[in-house]
Amino acid sequence: MPLKECDNVLVGHLLEKAREILLHRKPTSIPENHTAVNFYQCGLESFNPEPCRYDAIWIQWAIMYLTDEDAIRFFHKCAAAMRPRGVIFLKENVCDAGFIVDPDDCSITRSHAYYIDLFRKAGMRVAHTALQKNFPKQLFKVRMYALRFD
């Protein structure tokens, strides 16, 4: 079933809240050069992170809105943005096998095996993975990945 055209819903109020919390309530134990600096409101497929800038990138419940090709392109951009030994953390819903398309919200829920293959195609390896514990049984399982580029 093909995905229908979806409105590009941007949640600016969440970004503003993150900016408020991260810029004004900074713990004193964090060095000045280890703080949130830039806040972006755009789709992942159009995001172009600065090269060699990040030690870590956290992606949560977002890849599910990208096609495989857009996800791979995004992961390649992330690879270029990582410093040596950098890690990408990914948290996504997973289904038991293959993938499931939800035409109502234009998302793709992929299986763990599907993600492993997607990561391989993007040139990444899984350094660690775990299932979210104590998640409601009536919802999709949620899996977290720590990914590296070799």
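Up top you'll find the structure we're talking about.
All values derive from a computational prediction rather than experimental measurement.

Peer 1: Quick one: what's the story with the pattern of salt bridges, residue by residue and with numbers?
Peer 2: Pairing between side chains becomes possible if they bear opposite charge and their charged atoms approach one another. Following the criterion strictly, the structure yields nine salt bridges and no others. Across the pair Glu-20 and Lys-17 runs a salt bridge, and its minimum N-O distance is 3.4 Å. Here Glu-20 pairs with Lys-17, and both are found in helix α1 (residues 12-24), just three residues apart, close to one helical turn. You can call Glu-20 partly exposed: its relative accessible area is 34%. For Lys-17, a relative accessible area of 40% gives the class partly exposed. The closest approach of N and O atoms between Lys-141 and Asp-96, which form a salt bridge, is 3.6 Å. With a gap of 45 residues between them, Lys-141 in strand β6 (residues 141-149) and Asp-96 in the loop between β2 (82-95) and β3 (99-102) connect regions that are remote in the sequence. Here Lys-141 falls in the partly exposed class, since its relative accessible area comes to 46%. Assessed through its relative accessible area of 70%, Asp-96 is described here as exposed.

Peer 1: Account for unusual backbone geometry, naming residues and giving values.
Peer 2: Phi is mostly negative for residues that are not glycine, and the peptide bonds are mostly trans. One non-glycine residue with positive phi stands out, namely Arg-85, at about 70°. Within the secondary structure, Arg-85 sits in strand β2.

Cut-off values and rules
Residues numbered from 1 in each chain as written. Predicted model: local features only at pLDDT ≥ 70, side-chain atom pairs only at ≥ 80, totals over all residues. Heavy atoms only, no water. Salt bridge = Lys/Arg side-chain N within 4 Å of Asp/Glu carboxyl O. Helix = DSSP H or I, 4+ residues; strand = E, 2+ residues; numbered from the N terminus. Buried < 20%, exposed > 50% of the residue type's maximum accessible area, 1.4 Å probe, protein only.

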